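For reference, the chains in residue letters:
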Amino acid sequence: MTDDERLPQPPTADIDLVTVLHALGDPVRMRLLLSYADGAEHSCGPRDLGLDHLHKSTVSHHMRVLREAGVTSTRVAGRNRFVSLRRTDLDARFPGLLDALLASAPRPAAVAAAGA
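The numbers attached to residues start from 1 for each chain and follow its sequence in the written order. Under the rules for a predicted model, residues below a pLDDT of 70 receive no local features and side-chain atom pairs below 80 are neither given nor counted, while totals for whole chains, interfaces and linings still include all residues. Excluding hydrogens and water, the side-chain figures rest on all heavy atoms present in the structure.

Student: Quick one: what's the story with the pattern of salt bridges, residue by residue and with numbers?
Tutor: Any two side chains of opposite charge can pair, given that their charged atoms come close. Here, a salt bridge means any Lys or Arg side-chain nitrogen found within 4 Å of an Asp or Glu carboxyl oxygen. Applying the stated rule across the entire model yields five salt bridges. Of the charged contacts, one joins aspartate 91 and arginine 87 as a salt bridge, the two residues approaching to 3.3 Å between their closest N and O atoms. Of this pair, aspartate 91 and arginine 87 both sit in helix α4 (residues 87–93), separated by four residues, roughly a single helical turn. Judged by its relative accessible area of 26%, aspartate 91 is partly exposed. Relative accessible area decides the class of each residue, using a 1.4 Å probe on protein chains only: under 20% of the type maximum gives buried, over 50% gives exposed, and in between gives partly exposed. A relative accessible area of 26% means that arginine 87 is categorised as partly exposed. Each helix corresponds to a stretch of at least 4 residues labelled H or I by DSSP, and each strand to a stretch of at least 2 residues labelled E; elements are numbered beginning at the N terminus.

Written out as structure tokens, the structure reads:
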């Protein structure tokens, strides 16, 4: 793997609504969606994501589910991974979905308590 490469993710046309909704049906993954909604790239550290109560492998699992569903994109830079929301792709595929999910999402404190 060379520097600055993307991990496998579905093409925009293959993103499936049921798969996206299933991926976002978990409180921890909704918490990640809220973090990624700022449009920036985020490191994969649980502490950086406000999930330091979870084991690193658990957070990695949740991130993989989001990526494989087409919700996020992961950029590899050396030994580091940076995750971002595929907002443009999701908005093109399902207009208004992200806005509705983000508007109805529980506050981070409630999500953190549910994921504990």
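Student: Residue-level account of the sheet that holds strand β3 (residues 72–77), with values.
Tutor: Strand order in the open sheet formed by four strands is β1-β3-β4-β2, with antiparallel pairing between adjacent strands. Each edge of the sheet is formed by a strand with only one pairing partner; in this case those strands are β1 (5–6) and β2 (42–43). Paired strands, as defined in this entry, are two strands with at least two bridges between them according to DSSP. Relative to β3, β1 runs antiparallel, the two sharing two bridges. Residue pairing across strands places arginine 6 opposite arginine 75, the latter belonging to β3. In this fold helix α2 (residues 27–36) packs onto β2, β3 and β4 (80–85), with an angle of close to 85° to the strand it touches most, β4. Working rule for contacts: check all heavy atoms of both residues, and any pair within 4.5 Å makes them a contact. Comment: axis = line fitted to C-alpha atoms, over the contacting stretch for helices; angle = value between 0 and 180 degrees taken between N-to-C directions.

That's the geometry; what it means functionally is another story.
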